[in-house]
Amino acid sequence: MGAQVVRGAIAVLNVRAWIEHFRQRFGAFAVLSGTGFLLDFATYTTLAQLHVRLFAANLAGAAVGMGTVFVGSQLAVFRDSRASLPVATGLYAMWSMVAVLFASVLIDAVGGLLHTSAMASLLVAGLALLPVQVPVNLAISTSAKIVVTPLTILLNFCAMTLINGHRTLPQPVPNGKDQDPDLCADVQLRKADRPGRQPM
């Protein structure tokens, strides 16, 4: 019974450590994704205002943004990746092609929906309430991008995690510091050898 309680407590601590590890890792990735998004959005919006189709504009913007996120993530978030850099780069390039095409199709579909007469009328009425004049084309391209972006960030993080492999998490200890397993075993042996103590 006691062993089961100990195993249960260890499992809970491991889950908490994993959640904290995920939170920190995803937080750093989100910051990088924000930077990539700004570069992506700047490229995308510029091309959209030049009346390039949203599908093509998103392809160009995503290439800039995802490239930035990949380089930054390899240096900061996944620096102890199990995958070698050439392998990770190749896998990410393949993933990027699928992800960018998927996102571009979604953005083009959302943009097409917003271009319908009913939605366009609602959008024009909404823009008329704003204190500044916003072109309808800009509002449509921006709205389409914003709707799809959260999904693409989450999928990109999952892909990067899979590509770079699972990292071994440090085992939590009561004082909150990581512990060397070899050192721990040595300490336990020394304690067992002390006079007056019976080995467990």
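Conventions used here
Within every chain, residues take consecutive numbers counted from 1 along the sequence as written. Totals for whole chains, interfaces and linings use every residue, but because this is a predicted model, local features are given only for residues with pLDDT of at least 70 and side-chain atom pairs only at 80 or more, for both listing and counting. Side-chain descriptors were evaluated using all non-hydrogen atoms of the structure, hydrogens and water having been removed beforehand. A run of DSSP states H or I qualifies as a helix once it reaches four residues; a run of E qualifies as a strand once it reaches two. Both are numbered from the N-terminal end. For the exposure calls, accessible area comes from a 1.4 Å probe over protein chains only, and a residue counts as buried if that area is under 20% of its type's maximum, exposed if over 50%, partly exposed in between. The contact definition used throughout considers only heavy atoms, calling two residues in contact when any of these lie within 4.5 Å. For accessible areas, the Shrake-Rupley method is used with a probe of radius 1.4 Å. Any residue's cover is judged against the shown protein chains and nothing else. Throughout, nonpolar core names a set of buried Ala, Val, Leu, Ile, Met, Phe, Trp, Tyr and Cys residues whose side chains join them through atoms within 4.5 Å. To get an axis, fit a line to the C-alpha atoms, keeping to the stretch in contact for a helix; angles then go from 0 to 180 degrees between the N-to-C directions. Reported orientations rely on four angle classes, namely roughly parallel under 35 degrees, roughly antiparallel over 145, roughly perpendicular from 65 to 115, and oblique for the rest. Following the grouping adopted for this structure description, the nonpolar residues are Ala, Val, Leu, Ile, Met, Phe, Trp, Tyr, Cys and Pro, the charged ones are Asp, Glu, Lys and Arg, and the polar ones are all others, Gly among them. The salt bridge definition used is simple: a Lys or Arg side-chain nitrogen within 4 Å of an Asp or Glu carboxyl oxygen.

(A) Structural detail: the overall build of the chain. Counting secondary structure elements, the chain contains 6 helices and 0 strands. From first element to last, N terminus to C terminus, the chain shows the α and β order α-α-α-α-α-α. Here the chain, with 200 residues, has 28% of them falling under the buried criterion. Here the analysis covers contacts within the chain between residues at least 6 apart in sequence; of these, 78% occur between residues at least 24 apart. Of the roughly 12,900 Å² that the chain leaves accessible, carbon and sulfur atoms contribute 71%.

(B) Representation of the environment of N156 in the model. Residue placement: N156 occurs in helix α5 (residues 136–164). Looking at N156, the relative accessible area reads 6%, which means it is buried. Along the primary structure N156 and A99 are separated by 57 residues, whereas in three dimensions their C-alpha atoms are 7.9 Å apart. Excluding anything up to four places from it in sequence, N156 contacts F29, M66, V69, Y92 and W95.

(C) Quick peek at the side chain of D40. Examined against the element boundaries, D40 turns out to sit in helix α1 (residues 2–49). D40 gets classed as buried once you look at its relative accessible area, which sits at 10%. Contacts of D40, omitting those with residues within four sequence positions, involve G61, A62, G65 and K145.

(D) Broad picture of the nonpolar core. Ranked by size, the top nonpolar core spans 15 residues in total, and within it F29, M66, F78, Y92 and M160 carry the most contacts. Not counting the four nearest positions on each side in its chain, M66 is found in contact with Y92, W95, S96, A99, V100 and N156. In terms of nonpolar packing, the next biggest core, distinct from the first, is built from 8 residues, A57, I107, A144 and V148 among them.

(E) Quick peek at the packing of helix α4 (residues 117–128) against α5. At a minimum axis distance of 10 Å, the contact between α4 and α5 shows a crossing angle of 110°. One way to sum up the angle between α4 and α5 is to call them roughly perpendicular. Where α4 approaches α5, its residues L123, V124 and L127 are matched on the opposing element by V136, A139 and I140. Counted by class, the contact of α4 with α5 contains 6 nonpolar, no polar and no charged residues.

(F) How the structure looks around the pattern of salt bridges. Per the counting criterion, the structure on display carries 2 salt bridges. Notably, a salt bridge pairs D40 with K145, separated by 2.9 Å at the nearest N-O pair. With D40 in helix α1 and K145 in helix α5, this residue pair connects regions lying 105 residues apart in the sequence. Note on K145: relative accessible area 3%, which makes it buried. Note that D108 is salt-bridged to R53, the shortest N-O span being 2.8 Å. In this pair, D108 sits in helix α3 (residues 85–114) while R53 sits in the loop between α1 and α2 (54–76), placing the two residues 55 residues apart along the sequence.

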